Amino acid sequence: MPRPANRAPEPASDPHGDPKGILARATGARLWKDHSLLLWAHFLVPPVLAALVVAATFATPILAGILAAIVLGIAAVSARGLLSRLSQTEEARLALNTQLIQSQKLAAIGELSAGIAHEINNPIAIIAQEAEWAAHLIGEAEKGCSADFAEVKDSLREVRAQVDRCKNITHKLLDFARKREPVLQDVDVVRIIEDMARLVDKEASYKNVTLVRSLPQDLPKLRTDAPLLRQVVLNLMTNALHAVDTGGRIEVSALADDEALEICIKDNGCGIAPENIDKIFNPFFTTKPPGQGTGLGLSMCHTLVDGMKGKISVASKPGQGAAFTVRLPRRV
Amino acid sequence: MDINILLVDDEADFVETMVKRFGIRKMPIDSAKSGQEALTSLAAKDYDVIILDVRMPGMDGLETLKLIRARAPLTEVIMLTGHASLEAGMQGMNMGAYDYVLKPADFDDLLDKVRKAFERKQLNAKARKQGA
Ligand SMILES: Nc1ncnc2c1ncn2[C@@H]1O[C@H](COP(=O)(O)OP(=O)(O)O)[C@@H](O)[C@H]1O
Ligand SMILES: [Mg+2]
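Keep in mind it's a predicted model, so treat the numbers as computed, not measured.

1. Some points on the overall build of chain A
Stage number 1. Within chain A one finds seven helices and seven strands.
Stage number 2. Listed N to C, the secondary structure of chain A is α-α-α-α-β-α-β-β-α-β-β-α-β-β in terms of helices and strands.
Stage number 3. Here chain A, with 332 residues, has 35% of them falling under the buried criterion.
Stage number 4. By sequence separation, contacts in chain A at least 24 residues apart represent 73% of the contacts at least 6 residues apart.

This is the structure in structure tokens:
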């Protein structure tokens, strides 16, 4: 489908804007261009001073000693400065890379899984039909004779149950991969959070979990895609509910600054192991038993937040809970 | 601007009250008693917003939602439920429902959501037209 003409999104390969620009912002613009003078000085001053030292040796050894000390000092200081700048740039580059890679990975996997789900849907439907037909035939055969087909029927029922399970998975995959072109409306974020929280409340009360709302009533309206935001909030709250023990606590808060609106969902549950923290946004990554978790929730959240031009991040100490923060730009 | 609304619920009393309340506001709405009936109505008329009960005998709300989304991708669906089921809620939202309303529904709240859903449908239709 062609894109709407009134919106011109950046190319898909680079959803976060110009990488050089981001690098510059992240590091406070310390790139070669802005600092060529400094770098020239860094490379040229020490040899010049060294030459002076050599010259001074011929005049007086004491002067030469002092000069040599100064040269070493300057070289050390400038080398340290350069090193710290380099490592800052490197860090920023890494952070940027992980973000880009994550987004691209999600897009690629989304496409792949939609393809697979699509292909598998047809055979699954045929298996279901055939199982039904076989059950019907057995029912007919049973009428005419005294043989007991209970076990065959049982096994066919199991086939049906497993087929349903497959169907469930392929549908979730297709939902996951569904392209969602955001539709922007004026959105009352407090109300969205409150609505979704009410959906969680009942289930939370069974677990004796309190869902605390810290929502300022004067939060500005946000121009964003309402159902996408609902999905993100609901997925994050559900995860939090799964993570906490009986008697646990979940806190949903929101705040706004000039540039962005931030929603934070924090729980005091099991937290996330350090070795998993890089994996939780990957599709199919789950620590839940089979049948309970698909591992698609967070990767979908990541994709949705990307689509809203926002950022999602997590902070967690194992055993002390997790906090997911969604930051959405106020002007898109 | 008239909004074409379809209410799908097997609870006759609830449907009757809702039809009345929308009627008072000069917003006539259609109703269907089951998912199957809803799909038949959808084939005959282009609805802007469908208010859909999650729990219905026969074809359930989620199944119906899936078919509605496939047949009329621009039609927005608001899910309605008496039993706050988190899993069903999440599935509904993930399958592309616009919003969720808990029964007993506050009428003004529902009306507001219907208007927002309609606004989105129009924006979506406009964007598609420009993109086409
Ligand atoms: N609030 C949380 N606290 C602890 N772990 C979490 C939390 N949210 C997500 N996780 C971890 O991230 C994994 C992936 O989450 P998600 O993508 O929603 O898939 P699923 O919920 O199906 O497992 C979970 O299995 C869990 O290990
Ligand atoms: Mg989840």
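Anyway, onward from the coordinates.
2. Notes on the side chain of T81(B)
Stage number 1. By the element assignment, T81(B) lies in strand β4 (residues 76-81).
Stage number 2. Not counting chain neighbours up to four residues away, the residues in contact with T81(B) comprise D53(B), V54(B), Y100(B), V101(B), L102(B) and K103(B).

3. Concerning the domain arrangement of chain A
Residues and elements named next belong to chain A.
Stage number 1. For chain A, the assigned domains are domain 1 (17-178) and domain 2 (185-329).
Stage number 2. Counting residues at the interface gives ten residues for domain 1 and 13 residues for domain 2.
Stage number 3. One can count zero salt bridges joining domain 1 with domain 2.
Stage number 4. The tally of links between domain 1 and domain 2 comes to zero residue pairs in polar contact (both at pLDDT 80 or more).
Stage number 5. Those elements that provide at least two residues to the side of domain 1 that touches domain 2 are α3 (61-144) and α4 (150-177).

4. Side note on the pattern of salt bridges
All names here are of chain B.
Stage number 1. In the structure shown here, the tally under the stated rule is 29 salt bridges over all chains.
Stage number 2. Between D99 and K113 there is a salt bridge, with its nearest N and O atoms 3.9 Å apart. Residue D99 is found in strand β5 (residues 99-102), and its partner K113 is found in helix α5 (residues 107-131); the two are separated by 14 residues along the sequence.

5. Some points on unusual backbone geometry
Stage number 1. Here the residue pair K103(B) and P104(B) is connected by a cis peptide bond, since its omega of 0° sits within 30 degrees of zero.
Stage number 2. Turning to its location among the elements, P104(B) is positioned in the loop between β5 and α5.
Stage number 3. Of note in this structure, F284(A) is not a glycine but carries a positive phi near 75°.
Stage number 4. Despite not being glycine, K309(A) has its phi angle at roughly 65°, a positive value.
Stage number 5. With respect to the helices, strands and loops of the structure, K309(A) is situated in the loop between α7 (297-307) and β6 (311-316).
Stage number 6. K309(A) sits in the partly exposed class, given a relative accessible area of 43%.

6. Quick notes on the packing of helix α6 (residues 226-243) of chain A against α7(A)
Residues and elements named next belong to chain A.
Stage number 1. Two elements in contact, α6 and α7, have axes separated by 10 Å at closest approach and are oriented at 150°. By the angle class used here, α6 and α7 are roughly antiparallel. In terms of crossing hand, the pair formed by α6 and α7 is left-handed. Contacts between α6 and α7 pair L228, Q231, V232, N235, L236 and N239 from the former with G297, L298, M300, C301, L304 and V305 from the latter.
Stage number 2. Its residues assigned to classes, the contact of α6 with α7 comprises eight nonpolar, four polar and no charged.

7. Considering the interface of chain A and chain B
Stage number 1. Between chain A and chain B, the contact holds 34 residues from the first and 31 residues from the second.
Stage number 2. For the chain A and chain B pair, buried surface summed over both sides reaches about 2,700 Å², with 53% attributable to carbon and sulfur atoms.
Stage number 3. Per-residue buried area on chain A facing chain B is highest for V183(A), Q185(A) and L199(A); these three make up 22% of the total on that side.
Stage number 4. At the junction of chain A with chain B, the criterion picks out five salt bridges.
Stage number 5. Where K113(B) meets D195(A), a salt bridge forms, and the shortest distance between an N and an O atom there is 2.6 Å.
Stage number 6. In this assembly, chain A and chain B are joined by 13 residue pairs in polar contact (both at pLDDT 80 or more).
Stage number 7. Taken together, the elements giving at least two residues each to the side of chain A that touches chain B come down to α4, β1 (185-187), α5 (189-206) and α6 of chain A.
Stage number 8. Tallied by class, the residues present in the side of chain A that touches chain B amount to 14 nonpolar, six polar and 14 charged.

How each quantity is defined
Here, residues in each chain are numbered from 1, in the same order as that chain's written sequence. The order in which chains are written sets their letters, starting at A; the order in which ligands are written sets their numbers, starting at 1. Confidence filtering applies because this is a predicted model: local features only for residues at pLDDT of at least 70, side-chain atom pairs given and counted only at 80 or more, and all residues used for totals across whole chains, interfaces and linings. Working from all heavy atoms in the structure, the side-chain values ignore hydrogens and water. Each helix is a run of DSSP H or I of at least 4 residues and each strand a run of E of at least 2, with the numbering of both proceeding from the N terminus. Residue exposure (1.4 Å probe, protein chains only): buried if accessible area is under 20% of the type maximum, exposed if over 50%, otherwise partly exposed. Two residues form a contact once any of their heavy atoms are found within 4.5 Å. Throughout the structure description, domain borders are defined by an automatic or database domain assignment. Within this document, salt bridges are pairs made up of a side-chain nitrogen of Lys or Arg and a carboxyl oxygen of Asp or Glu, the two lying within 4 Å of each other. Nitrogen and oxygen atoms within 3.5 Å of one another constitute a polar contact, given that in protein one can donate a hydrogen and the other can accept it, and given that sequence-neighbouring residues count only through two side-chain atoms. As a rule, the C-alpha atoms of each element are fitted with a line to give its axis, helices using only the stretch in contact, and angles between N-to-C directions run from 0 to 180 degrees. When an angle is under 35 degrees it counts as roughly parallel; over 145 it counts as roughly antiparallel; between 65 and 115 it counts as roughly perpendicular; any other value is oblique. We call a crossing left-handed when the near helix sits turned anticlockwise from the far one by less than a right angle, and right-handed when that turn is clockwise. Residues are grouped as follows: Ala, Val, Leu, Ile, Met, Phe, Trp, Tyr, Cys and Pro are nonpolar; Asp, Glu, Lys and Arg are charged; all remaining types, including Gly, are polar. Buried area: the accessible surface (1.4 Å probe) lost by two parts on joining, summed over both.

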